[in-house]
Amino acid sequence: MKRKIIAGNWKMYKTLKEGLAFLDVFIPLCNREMMEKCSLVLAPNFTLLVSMAGRCREAGISLAAQNCHPTGEGAFTGETSLAMLADCGVSHVLVGHSERRAIFGETDDFLNQKLKAAVAAGLIPILCVGETLEQREADVAESVVEKQLQQGLHGVDLDEKMMVAYEPVWAIGTGKTATAADARTMHQCIRQCLESMGGGGDLPVLYGGSVKPANAAELLAAPDIDGVLVGGASLNPEDFARIAGSM
Ligand code: PEP
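Because the structure is a prediction, the values reported are computed rather than measured.

Analysis parameters
- Residues numbered from 1 in each chain as written.
- Predicted model: local features only at pLDDT ≥ 70, side-chain atom pairs only at ≥ 80, totals over all residues.
- Heavy atoms only, no water.
- Helix = DSSP H or I, 4+ residues; strand = E, 2+ residues; numbered from the N terminus.
- Buried < 20%, exposed > 50% of the residue type's maximum accessible area, 1.4 Å probe, protein only.
- Contact = heavy atoms within 4.5 Å.
- Expected span 1.5 Å × (residues − 1).
- Bend = angle between axes of the 7 residues up to and from the residue.
- Core = buried A, V, L, I, M, F, W, Y, C linked by side-chain atoms within 4.5 Å.
- Near = heavy atom within 4 Å.
- Polar contact = N/O pair within 3.5 Å; in protein donor to acceptor, adjacent residues only side chain to side chain.
- Areas by Shrake-Rupley, 256 points an atom, 1.4 Å probe, with all protein chains shown as cover.
- Nonpolar A, V, L, I, M, F, W, Y, C, P; charged D, E, K, R; others polar.
- 1 Å grid on protein atoms, 1.4 Å probe; cavity = no way out; pocket = protein on both sides within 12 Å on 5 of 7 lines; lining within 4 Å.
- Points joined across faces, edges and corners; volume = space filled by probe spheres on them.
- Pairing = 2+ DSSP bridges.
- Axes fitted to C-alpha atoms, helices over the stretch in contact; angles between N-to-C directions.
- Phe/Tyr/Trp six-rings, centres within 6.5 Å; stacked < 30°, edge-to-face > 60°.
- Lys NZ or Arg CZ within 6 Å of the ring centre and 35° of its normal.
- Arc of directions from axis to C-beta.

Caption draft 1: Representation of the environment of G209 in the model. One can find G209 in the loop between β7 (205-208) and α10 (213-221). The class of G209 is buried, set by a relative accessible area of 4%. The spatial distance from the C-alpha of G209 to the C-alpha of I172 is 4.3 Å, given a sequence separation of 37 residues. In contact with G209, not counting residues within four places along its chain, are E167, A171, I172, K176, T177 and L229.

This is the structure:
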């Protein structure tokens, strides 16, 4: 059985003390059975990366950054390069989370640059895509996601190590989850889109949007859903462990 990917996005939550306290509780909950069934990824804030790296590595948990800058180095105050992230023990990086798109105005073209830079730096980008409620109601959800994929992955070899996370914007942090059936429909559409772009057969497609211990099992049971990207519920070590253990 293919291991499912269970990724947690801590956003701008947790101080260093709180992050380490999370690991104190979470790591002992990662039993062998769980680790055989899933690959765990945690995306804390930049400020926690170095301090969490050693313990995560020993526990078999991959560390992700929540953002990156595509340039190698330069006068980009407040930004972090991929080499700097790799230096901290980071192996994955979120690209195009809907909060980056909506609040910080990141465009598909800029995300494409980040994605290419991440691949070139040997990190695994997790490209986040998803439609807003307005777009879903206007019946354009699939075309919106296809455009995000086509532009975000433009010029990228789809056989490189990377992931896509389908995160309907209306389901993020709202308590509303897409039904497993809706998520599967979009995941199938994403697969077809990747195929039409010439590959991506092995590229994992995750679902994100109000994933909780109560709904994780149903989502993870779907063969087209290769894992989940969890925001709010990943802040609580017991909840995150219950999600990872729900297969
Ligand atoms: C996210 O931030 O990627 C996310 C899916 O958040 P939540 O699980 O809180 O909806």
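More follows now that the structure is in view.
Caption draft 2: Geometry of helix α3 (residues 46-59). Counted at 1.5 Å a residue, the expected span for α3 with its 14 residues is 20 Å, and the 20 Å between its end C-alpha atoms agrees. Along its length, α3 shows its largest kink, about 55°, at M52. In this fold, the buried residues of α3 make contact with α1 (16-29), α2 (32-37), β2 (38-43), β3 (61-65) and α4 (82-87). Trailing α3 by a residue or two, G60 shows a phi angle of about 80°, which is positive.

Caption draft 3: The arrangement of the nonpolar core in detail. Ranked by internal contacts, the top residues of the largest apolar core, which has 70 residues, are I6, L40, L85, V93, L149, I190 and Y207. The leading source of residues in this core is helix α9 (residues 180-196), at 7 residues. In this view, I6 contacts C38, S39, L40, V41, L220, V228, F240, I243, A244 and M247; residues no more than four positions away in its chain are not counted. Judged by nonpolar contacts, the second largest core, of 13 residues, contains A7, I126, M163 and L206.

Caption draft 4: Local environment of the site of the ligand. Inspection of the region around the ligand gives 14 residues, with K11, E167, G173, S210 and G231 positioned closest. In this structure, N9 approaches the ligand through a side-chain N or O atom, which is 3.3 Å from an oxygen atom. Within the complex, 97% of the 290 Å² of free accessible area of the ligand lies under protein. Considered class by class, the residues forming the shell around the ligand number 4 nonpolar, 8 polar and 2 charged.

Caption draft 5: The layout of surface pockets, seen in detail. There is about 290 Å³ of room inside the largest pocket. In terms of lining residues, the largest pocket is bounded by 13 residues, among which K11, M12, Q66, R100 and F104 are the most central. With 4 residues, the single largest contributor to the lining of the largest pocket is helix α5 (residues 98-104).

Caption draft 6: Geometry of the sheet that holds β2. Ordered in space as β1-β2-β3-β4-β5-β6-β7-β8, the 8 strands form a closed barrel in which the pairing is parallel. On average, each strand axis in the sheet is inclined to that of its neighbour by 25°, with strand direction left out of account. Contacting β2 and β3, α3 runs over the sheet at an angle of about 160° to β3. In this fold α9 packs onto β5 (124-129), β6 (163-166) and β7, with an angle of close to 145° to the strand it touches most, β7.

Caption draft 7: Geometry of the packing of aromatic side chains. Under the counting rule described, the total for this entry stands at 4 aromatic pairs. The structure contains a cluster of three or more aromatic residues connected by ring pairs, namely W10, F22, F26 and F240. In this structure, K14 packs its charged tip against the face of W10, placed 5.4 Å from the ring centre. In this structure, R100 is placed above the aromatic ring of F104, and the distance from its NZ or CZ to the ring centre is 4.0 Å.

Caption draft 8: Representation of α10 within the structure. Among the residues making up α10, those that are buried are P213, N215, A216, L219 and L220. Taken end-on, α10 shows its buried residues confined to a sector of 150°, consistent with a single buried face. In α10, the exposed residues that point more than 90 degrees away from the buried face are A214, E218 and A221.

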